[in-house]
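Reading the structure
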Amino acid sequence: MNRALALLALALYAAAGLATDELEARSQAQRLLLMTSVLPSQAVLAELERFSDDRSIPLETREAALRQYVLSLRDEPPDAVNWQAAELLSRYRERALVSHSHSLQNAVPVHNVAAPARGTLNVWTRKLERSAGELALANQDYGYFSSLSANHMQVVAGAADALKHAPVQLLEPAIPHLIAAVTREPALAPIMLAAAANLSDPDLTAVALEFLEGADRFRTVLELDGIIGPDAARAWWLKSLDSGPDQAAAIAALGRMAADDPDVSEELFTLMGDADLGAAAALALGKSQAPGLVDRAAELLKSDQPMLAARGRLMLQSHGGRQALQILERQP
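Residues numbered from 1 in each chain as written. Predicted model: local features only at pLDDT ≥ 70, side-chain atom pairs only at ≥ 80, totals over all residues. Heavy atoms only, no water.

The helix and strand inventory of the chain stands at 21 helices and two strands. In terms of overall size, the chain is more extended than a compact globule, its C-alpha atoms giving a radius of gyration of 28 Å where 332 residues would be expected to give roughly 20 Å. Overall size of the chain, expressed as C-alpha extent along the three principal axes, is 80 × 70 × 30 Å. Within the chain, buried positions represent 44% of all 332 residues. Within the chain, residue pairs in contact and separated by at least 24 positions form 63% of the contacts whose partners lie at least 6 positions apart. Of the roughly 17,600 Å² of accessible surface on the chain, 54% is carried by carbon and sulfur atoms. Measuring between centres, the 29 positive side-chain charges of the chain sit 7 Å from its 41 negative side-chain charges. (Helix = DSSP H or I, 4+ residues; strand = E, 2+ residues; numbered from the N terminus. Rg over C-alpha atoms; globule rule 2.2 N^0.38 Å. Buried < 20%, exposed > 50% of the residue type's maximum accessible area, 1.4 Å probe, protein only. Contact = heavy atoms within 4.5 Å. Areas by Shrake-Rupley, 256 points an atom, 1.4 Å probe, with all protein chains shown as cover. Lys, Arg positive; Asp, Glu negative; His and termini not counted. Charge placed at Lys NZ, Arg CZ, Asp CG, Glu CD.)

See the structure below:
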């Protein structure tokens, strides 16, 4: 009991002592932003250091201002001054802390500064890499793709942005070089997927998938309609039901279509007796809320085959509607 009272007292003290003057924080953030636009980098860095230690302003207000400032920097060009300011704050160690998770030892920042600063640097990195990719395509500098490294995800994302939005006449000559780059470093597969989405090209998508594994491959197959279009994706998913590593993802994707596509619904129902795929199909159908689903699941419950009866039960549980739950309640 004494420990609980101590924790409560600490929380109340923190809440009272860590009040932030939001108006002052916004004003200081705007002042810092204006200063950054007109002063050289050394002066900006010195002012940021001075401001962070300015005891005439409450610590919580200072850190709120620094957070707002570094978030506002995202809308500014990533020139040397802005970059150095964000880099400095990416190493900032917050001092205004509040207890967390009912522990006297655990504390979290009231106003996180470093994480938003790192986020700003990531935003800029992606924008700069997109510009670099666009310039490389325009200049037919395909060595750019060979030099890409997958060590920084924002670099890959920026290059992918350039490919996804490139004019087709600039993109098509780059395809062999993209394939070579991804073959060298499979983690660059997102750039090939971006090109495939731009061209709505199932064959290029298939090549990219060969370099993906596990959750990345599953997610990509699940989102194929956004890469090659809904019709081509539907055909792909249906074909994937026969064999291969994408069966589970295809079932999950087709489940989203089952309510509006009777043929897809029927395809999933044919899998009910499949030892490996039937459970996934039952879950997908249940979530789909497809017409007539509850009645068909109820029929499966009556089956003398334990596997089919279990699939019917799983389908009703996944559906979760009133009628489905009433049927389950009546089961012995």
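Summarising the model, the chain shows a mean pLDDT of 89, and 92% of its residues fall at 70 or more. Confidence, expressed as mean pLDDT per element, reaches its minimum in the chain at helix α1 (residues 2-17) with 43 and its maximum at helix α5 (residues 80-90) with 97. Counting contacts from residues 1-18, a segment whose pLDDT is below 50, to residues more than four positions away or on other chains yields 16 contacts. (pLDDT = per-residue confidence, 0-100.)

Before going further, it helps to examine the layout of surface pockets. Of the voids in this model, the largest pocket is the one considered here, and its volume is about 700 Å³. As for the largest pocket, its lining consists of 22 residues, and the residues nearest its centre are Ala160, Pro190, Leu193, Arg219 and Thr220. Elements supplying a minimum of two residues to the lining of the largest pocket: α8 (153-164), α11 (189-199), α13 (214-222) and α14 (225-228). Considering each element in turn, the lining of the largest pocket owes the most residues, six residues, to α8. The class makeup of the residues in the lining of the largest pocket is 14 nonpolar, two polar and six charged. Taken as a whole, the second largest pocket holds about 160 Å³ of empty space. The wall of the second largest pocket is formed by Arg217, Trp236, Lys239, Ser240, Ser243, Gly244, Pro245 and Asp246. Ranked by the residues each element gives to the lining of the second largest pocket, the list is headed by helix α15 (residues 230-240), at three residues. In the lining of the second largest pocket, the residues fall into two nonpolar, three polar and three charged. (1 Å grid on protein atoms, 1.4 Å probe; cavity = no way out; pocket = protein on both sides within 12 Å on 5 of 7 lines; lining within 4 Å. Points joined across faces, edges and corners; volume = space filled by probe spheres on them. Nonpolar A, V, L, I, M, F, W, Y, C, P; charged D, E, K, R; others polar.)

With that settled, consider the packing of helix α19 (residues 293-301) against helix α20 (residues 306-319). As a packed pair, α19 and α20 sit with axes 7 Å apart at the nearest point and diverge in direction by 150°. Between α19 and α20 the crossing geometry is left-handed. Residues Leu293, Val294, Ala297, Leu300 and Leu301 of α19 form the contact with α20, whose own contacting residues are Leu308, Ala309, Gly312, Arg313, Met315, Leu316 and His319. Counted by class, the contact of α19 with α20 contains nine nonpolar, two polar and one charged residues. (Axes fitted to C-alpha atoms, helices over the stretch in contact; angles between N-to-C directions. Left-handed = near helix turned anticlockwise from the far one by under 90°.)

It is worth spelling out a nonpolar patch on the surface at this point. On the surface, Leu34, Val38 and Leu39 cluster together into a nonpolar patch covering about 290 Å² of accessible area. Inspection of the secondary structure assignment puts Leu39 in the loop between α2 (22-38) and α3 (41-52). (Patch = residues over 30% accessible without salt bridge, like charges linked within 9 Å, V, L, I, M, F, W, Y side chains within 5 Å. Salt bridge = Lys/Arg side-chain N within 4 Å of Asp/Glu carboxyl O.)

Moving on, we come to the environment of Leu59. The residue Leu59 is located in helix α4 (residues 59-72) in this model. Spatially, the C-alpha atoms of Leu59 and Glu94 are 9.5 Å apart, while their sequence positions differ by 35 residues.

All right, on to the packing of helix α10 (residues 175-184) against α11 then. Two quantities define a packed helix pair, namely the angle between the axes and the distance from one axis to the other. Running from amino to carboxyl end, α10 crosses α11 at an angle of 150°, the nearest separation of the two axes being 8 Å. Between α10 and α11, the angle falls in the class roughly antiparallel. As for how α10 packs across α11, the hand of that crossing is left-handed. Residues Ile175, Leu178, Ile179 and Val182 of α10 form the contact with α11, whose own contacting residues are Ala189, Ile191, Met192, Ala195 and Leu199. Considering only residue class, the contact of α10 with α11 consists of nine nonpolar, no polar and no charged. (Parallel < 35°, antiparallel > 145°, perpendicular 65-115°, else oblique.)

Note on placement: Glu94 falls in the loop between α5 and β1 (97-100). Separated by 2.7 Å, the side chain of Glu94 and the backbone nitrogen of Val113 make a polar contact. A distance of 2.9 Å separates a polar atom in the side chain of Glu94 from the backbone nitrogen of Ala114. In contact with Glu94, other than residues within four places in its own chain, are Glu63, Pro109, His111, Asn112, Val113 and Ala114. (Polar contact = N/O pair within 3.5 Å; in protein donor to acceptor, adjacent residues only side chain to side chain.)

Here the focus is α19. Listed as buried for α19 are Leu293, Val294, Ala297, Ala298, Leu300 and Leu301. Projected down its long axis, α19 carries its buried residues within an arc of 155°, all on one side. In the core, the buried residues of α19 are packed alongside α17 (262-269), α18 (278-288), α20 and α21 (322-329). (Arc of directions from axis to C-beta.)

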